[in-house]
Amino acid sequence: MQLSFDADIEEFRAEFAAFLDEYLPDPAVAAKDRPISSAEVPPWAREWQRLQFDHGWLLPGNPPEFGGRNAGILQQYVHLEELSRRRIYHSFNPQGLGIIAASLLSFGTDEQKTRWARRILRAEITAALGMSEPGAGSDLAGLRTRAVLDGDHFVVNGQKVWTSGAHDADVLLTFVRTDPEAPKHKGISVLLIPTDTPGVTRRPFASICGPHDLDFNEVFFEDVRVPAENLVGPLNGGWGVANGSLGHERTLLWLSFADRLQELVEDFRPHTVLERDRYATLAMDNQALRLLGSAALAREARGEQDVPALSVLKLLGSEAVQAAAEQALYSWGSDGLIHPAMTAPFNPFNNDNFVPSWFERYVRSFAGTIAGGTSEIQRNIIAERVLGLPR
Ligand SMILES: Cc1cc2nc3c(=O)[nH]c(=O)nc-3n(C[C@H](O)[C@H](O)[C@H](O)COP(=O)(O)OP(=O)(O)OC[C@H]3O[C@@H](n4cnc5c(N)ncnc54)[C@H](O)[C@@H]3O)c2cc1C
């Protein structure tokens with residue numbers, strides 16, 4: 001197995017590293033003005049995102065008019081590696097960039113790409129993802145938010161939940177039922193709904209991290225009139241968009257878990273023999289994930305698609321992060337409740353997601369084992385589609 005990159009990829013890395021050395025935001029400004037939700041992007045972070053866009057470094061795989069340089073998958077990988085090495089994100093509206101703009105570039109009209117995707121990518125506006133509902137999470141196809149075409153508008157009624165950052169977002173990519181008579185996968189469509197449309201109510205609610213951690217939202221739609229031109233993809237073709245949307249998220253998702261593991265390797269200081277044993281497990285999981293991920297990356301670079309295999313990476317990565325964070329929390333005991341500077345290196349660029357107390361690092365790890373398909377759903381996929389076991 002070759003575990004190094006060819007010279008052209010390393011040249012690409014060096015070019016990006018030079019860009020970062022020159023343009024990384026001022027940590028003093030970043031430390032004072034931190035993002036407080038996944039769609040609230042302070043001015044310095046908007047400027048930072050726009051700067052990357054304008055230099056073709058935001059999402060290198062995109063064409064230049066959408067903030068990239070038509071780079072291949074290996075270049076995209078080293079790009080993310082360089083960002084994570086510095087513990088900075090390219091965007092503080094991750095779902096806007098990684099799911100919503102990406103979906104619009106795949107499924108949107110030219111007008112939607114310019115009017116919505118480009119503005120999200122340039123951090124002029126932010127976006128949130130309205131998929132899950134109180135009765136539709138793992139079983140997304142069971143969603144019940146209804147949209148009825150009335151002339152040149154859809155009229156939307158229903159409710160979403162867990163909509164990260166909705167209260168700070170300008171627009172919601174919303175999955176709605178447009179044909180209640182069709183089999184459930186076939187009656188779904190996708191609408192872009194500006195959050196200032198009359199009838200949209202966003203109600204943020206706190207997470208387990210604390211009363212001030214407001215990112216989750218309930219979103220209610222009451223007779224919300226949405227222009228028909230805001231339909232993304234074909235009418236009743238929303239299931240294809242859903243798979244595409246999450247696909248965008250999935251390809252290099254394992255790398256974010258590998259980053260968390262690497263951070264844990266650096267931050268978790270074992271003291272006792274037992275803790276050192278647990279630390280060894282963490283270090284091995286980190287290496288195993290990187291090796292398996294590298295093999296998946298090589299397959300992708302050769303043009304081979306193996307989507308079910310990505311479930312193995314997501315499951316291993318998210319559960320390894322959770323197990324290691326739990327061990328670190330045990331090791332710290334009640335001191336694990338104490339906030340940042342005491343327990344982890346201060347990172348001015350981070351929105352505190354991964355450098356808070358050990359308790360918070362542990363509870364936040366559940367985002368990894370739930371969002372984007374729970375561990376149980378990943379195990380079902382692995383059992384049926386990787387191992388070929390009967391249902
Ligand atoms: C941090 C975070 C951010 C999120 N952000 C967003 C967002 O921005 N937009 C959005 O739309 N959603 C978002 N979600 C919601 C997320 O997509 C759902 O939580 C997820 O799909 C699971 O759905 P659920 O919560 O309804 O759980 P359920 O689907 O009700 O599952 C409950 C339990 O049953 C298990 N289960 C369900 N079905 C099966 C099965 N077939 N076999 C075995 N076990 C099963 C699950 O694994 C789980 O343990 C977010 C979630 C988290 C944690």
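Keep in mind the model is a prediction, meaning the values are calculated, not measured.

1. A closer look at the domain arrangement of the protein chain
According to the domain assignment, the protein chain consists of domain 1 (7-92), domain 2 (127-236) and domain 3 (251-386). Placing the centre of domain 2 and that of domain 3 at their C-alpha centroids yields a distance of 30 Å.

2. Describing the site of the ligand
Neighbouring the ligand are 18 residues; Met131, Gly137, Ser138, Thr374 and Glu376 lie closest to it. Broken down by secondary-structure element, the contributors of at least two residues to the shell around the ligand are strand E1 (127-130), helix H11 (358-370) and helix H12 (375-386). Of the residues in the shell around the ligand, the class split is eight nonpolar, nine polar and one charged. Among the domains, domain 2 (127-236) and domain 3 (251-386) are the pair contributing at least three residues each to the shell around the ligand.

3. Focus: the packing of helix H4 (residues 73-85) against helix H9 (residues 273-301)
Where H4 meets H9, the axes come as close as 9 Å, and the angle between the chain directions of the two elements is 145°. The segment H4 lies against H9, with Ile73, Leu74 and Tyr77 engaging Leu297, Glu300 and Ala301. Of the residues assigned to the contact of H4 with H9, the class counts are five nonpolar, no polar and one charged.

4. Observations concerning the environment of Ala301
Its location among the elements puts Ala301 in helix H9. Sequence-wise, Ala301 and Gly72 are 229 residues apart; in three dimensions their C-alpha atoms are separated by 7.7 Å. Those residues in contact with Ala301 that lie beyond four places of it in its chain are Gly72, Ile73 and Leu74.

5. Things to note about the environment of Ala383
Positionally, Ala383 belongs in helix H12. For the pair formed by Ala383 and Pro308, sequence separation is 75 residues and the distance between their alpha carbons is 9.8 Å.

Quick notes on the rules
Residues numbered from 1 in each chain as written. Predicted model: local features only at pLDDT ≥ 70, side-chain atom pairs only at ≥ 80, totals over all residues. Domains from an automatic or database assignment. Near = placed C-beta within 6 Å. Helix = DSSP H or I, 4+ residues; strand = E, 2+ residues; numbered from the N terminus. Nonpolar A, V, L, I, M, F, W, Y, C, P; charged D, E, K, R; others polar. Axes fitted to C-alpha atoms, helices over the stretch in contact; angles between N-to-C directions. Contact = placed C-beta atoms within 7 Å.

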